Amino acid sequence: MARPEKIQGSAVAAGLTRRQLIEINACARCGECQEWCPVYAQDRRESITARGKLDSLRRLVNDALPEDEQKVFLEGLYECSACGQCHIVCPVRINTPDLWEQARLSLVNAGIPQPEGQIKQLAAIRQFNNPFSRPQSERSGWAKAAWKAGLLKEPLRLWQEQPSPIVYFAGCMASFDPVLQPVAVQSARLLQEAGVEFSILGEDEPCCMSKLRRMGDNAFAEEARKRADQFTGMGEVTIVVSCAGCFKGLHSDYAPLWPGAKKVVHLSQFLDRLILDGRLRPKYETPLSVTYHDPCHLGRHNRVYDEPRRVLQSVPGVTLVEMPRHRAFSSCCGMGGGLKAVSPAIQHKMAAARIREAEGTGAKAIVTPCQTCYLGLLNGLEETASAMKVYHLNELLVRSICPEASHEAVATALAGVNVAS
């Protein structure tokens, strides 16, 4: 990581809020963060823990952190998924996720760049409006391909042509990643099964840019404002997102910029309402014992715990068995905060630890409503060579309502269709 000879503490301090400057002096040194940190469990260095980072950051802003320790601090700051577990267990309740993100931004503004892996990903997002460096014209290719393959009951309409009160926001991952495109197709099919009047944005669907915020990119504020203005111009709409990262971005990060942010809902919340209202009726039995993985951005960061569990338990035959670490104490899979771009080996180890915890419940499958966590847990499955299955929440609901749209069926059908056409 390139950096000047010495980081100027005053420049870093200038980028932190008054509350954050107080927080870096508030650490009780109790060690609870060390006990619970999923990254520290895989790489036992004090500099990775919240306690270690707070101590270094405090000394840094006071120009008291020796140069040889600055590199160690930067490594610890970026080898962190900002999952928020340290915030939950902290007796002082220091808002560590916001602090780490703001510290990264402050360092960038002080002339200290992100790690190389993050820089490449951020450049792609800024240039192409997605981390895959794909043209925007391909963003809704999954919808066209799904209709051609007979996986949707009718073609998806564009909001620009037929405005609707509900907009499905697939996000970059489900739009462009072939492994995750079934999530987008199944999301749309389930909304159709419930008779929901909705549309998509197609080529006008923007990247939520939340990765810029997570990694401390100083372009986030301007890009978020542009998107907030776009959504404001759409009037009163409810945006349904299937990505937990997009949910945190649009629902939480955009809240100061866009009054409509409170109407952004995660797909699991929306499906829960549809089931409770009787508009979606799971009917086919799926005899399966499962455990549930709480995504950090959906659970700890936004306290959405009950709705996806109710969706799971609505499927006939499904039995839910909780892992020791669940809800606010759920262990991170390592896919957040830019950690995967910095240290893929650590992410794989974190996901493997989560798979082993799931195996300990006796369940046959681990289920998550986050498409990014789904990818992360697949890495853990490969790392452990486990026989356990990993499912997106959509999959179990689809199997019980419209099994012809199973993950395997969608993946096979889309592989044979030119998604970009």
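### Focus: the overall build of the protein
- For the protein, the count of helices and strands is 21 helices and eight strands.
- Here the C-alpha radius of gyration of the protein, 21 Å, is about what a compact globule of 421 residues would show, namely 22 Å.
- Along the three orthogonal principal directions, the C-alpha set of the protein runs to about 65 × 50 × 35 Å.
- Taking all 421 residues of the protein together, 60% fall into the buried category.
- Here the contacts in the protein between residues at least 6 apart in sequence split such that 78% fall between residues at least 24 apart.
- For the protein, the exposed surface amounts to about 16,300 Å²; the carbon and sulfur share of it is 50%.

### Quick look at the nonpolar core
- Counting residues in hydrophobic clusters, the biggest one holds 98 residues, and the most contacted among them are Trp142, Phe231, Ile239, Leu250, Tyr254 and Leu397.
- With six residues, the single largest contributor to this core is helix 11 (residues 181-193).
- With sequence-adjacent residues up to four places away left out, Ile239 is seen in contact with Val167, Phe169, Phe231, Leu250, Trp258, Lys263, Val264 and Val265.
- Listed in part, the 26 residues of the second largest apolar core include Phe73, Leu74, Cys86 and Ile112.

### Some points on the sheet that holds strand 6 (residues 318-320)
- With parallel pairing, the four strands of this open sheet are ordered in space as 6-5-7-8. Of all strands in the sheet, those with a lone pairing partner are strand 6 and strand 8 (389-392), marking the two edges. Neighbour-to-neighbour, the strand axes of the sheet open up by a mean angle of 35°, direction not taken into account.
- In this sheet, strand 8 lies alongside strand 7 (residues 365-368) in parallel orientation, the contact comprising four bridges. Bridge pairing in strand 8 places Ile366 opposite Val390.

### Brief notes about the sheet that holds strand 3 (residues 238-241)
- Within the open sheet, the four strands sit side by side as 2-1-3-4. Their pairing is parallel. Looking at strand neighbours, the two that pair on one side only are strand 2 (198-199) and strand 4 (264-266), the edges of this open sheet.
- Sheet topology note: the strand 3/strand 4 ladder contains three bridges and is parallel. When the bridges of strand 4 are listed, Ile239 appears paired with Val264.
- Of the strands in this sheet, strand 1 (166-169), strand 3 and strand 4 are in contact with helix 14 (residues 244-253), which crosses strand 4 at around 160°.
- Set on the sheet, helix 15 (residues 267-276) makes contact with strand 1, strand 3 and strand 4; between it and strand 4 the angle comes to about 80°.

### Examining the environment of Gly336
- By the element assignment, Gly336 lies in the loop between strand 6 and helix 17 (339-342).
- Classification of Gly336 as buried rests on a relative accessible area of 15%.
- Sequence separation of Gly336 and Leu271 is 65 residues, and the distance between their C-alpha atoms is 24 Å.
- When neighbours within four sequence positions are excluded, Gly336 is seen to be in contact with Cys80 and Ser81.

### A word on helix 7 (residues 96-109)
- Between its first and last C-alpha atoms helix 7 spans 20 Å; for 14 residues at 1.5 Å apiece the expected length is 20 Å, and the two agree.
- By the criterion of burial, helix 7 is predominantly enclosed, with 12 of the 14 residues buried.
- Among all positions of helix 7, only Thr96, Pro97, Leu99, Trp100, Glu101, Gln102, Ala103, Arg104, Leu105, Ser106, Leu107 and Val108 are buried.
- Gly111 occupies a position one or two residues after helix 7 and carries a positive phi of about 100°.

### Comments concerning the pairing of strand 5 (residues 288-292)
- In terms of burial, strand 5 is largely enclosed, as four of its five residues are buried.
- Here strand 5 runs beside strand 6; their pairing, made up of three bridges, is parallel. When the bridges of strand 6 are listed, Leu288 appears paired with Val318.
- Between the parallel pair strand 5 and strand 6, the chain is carried across by helix 16 (residues 306-313), and the sense of this crossover is right-handed.

Calculation criteria
- Residues numbered from 1 in each chain as written.
- Predicted model: local features only at pLDDT ≥ 70, side-chain atom pairs only at ≥ 80, totals over all residues.
- Heavy atoms only, no water.
- Helix = DSSP H or I, 4+ residues; strand = E, 2+ residues; numbered from the N terminus.
- Rg over C-alpha atoms; globule rule 2.2 N^0.38 Å.
- Buried < 20%, exposed > 50% of the residue type's maximum accessible area, 1.4 Å probe, protein only.
- Contact = heavy atoms within 4.5 Å.
- Areas by Shrake-Rupley, 256 points an atom, 1.4 Å probe, with all protein chains shown as cover.
- Core = buried A, V, L, I, M, F, W, Y, C linked by side-chain atoms within 4.5 Å.
- Pairing = 2+ DSSP bridges.
- Axes fitted to C-alpha atoms, helices over the stretch in contact; angles between N-to-C directions.
- Expected span 1.5 Å × (residues − 1).
- Right-handed = clockwise from strand over helix to strand, strands pointing away.

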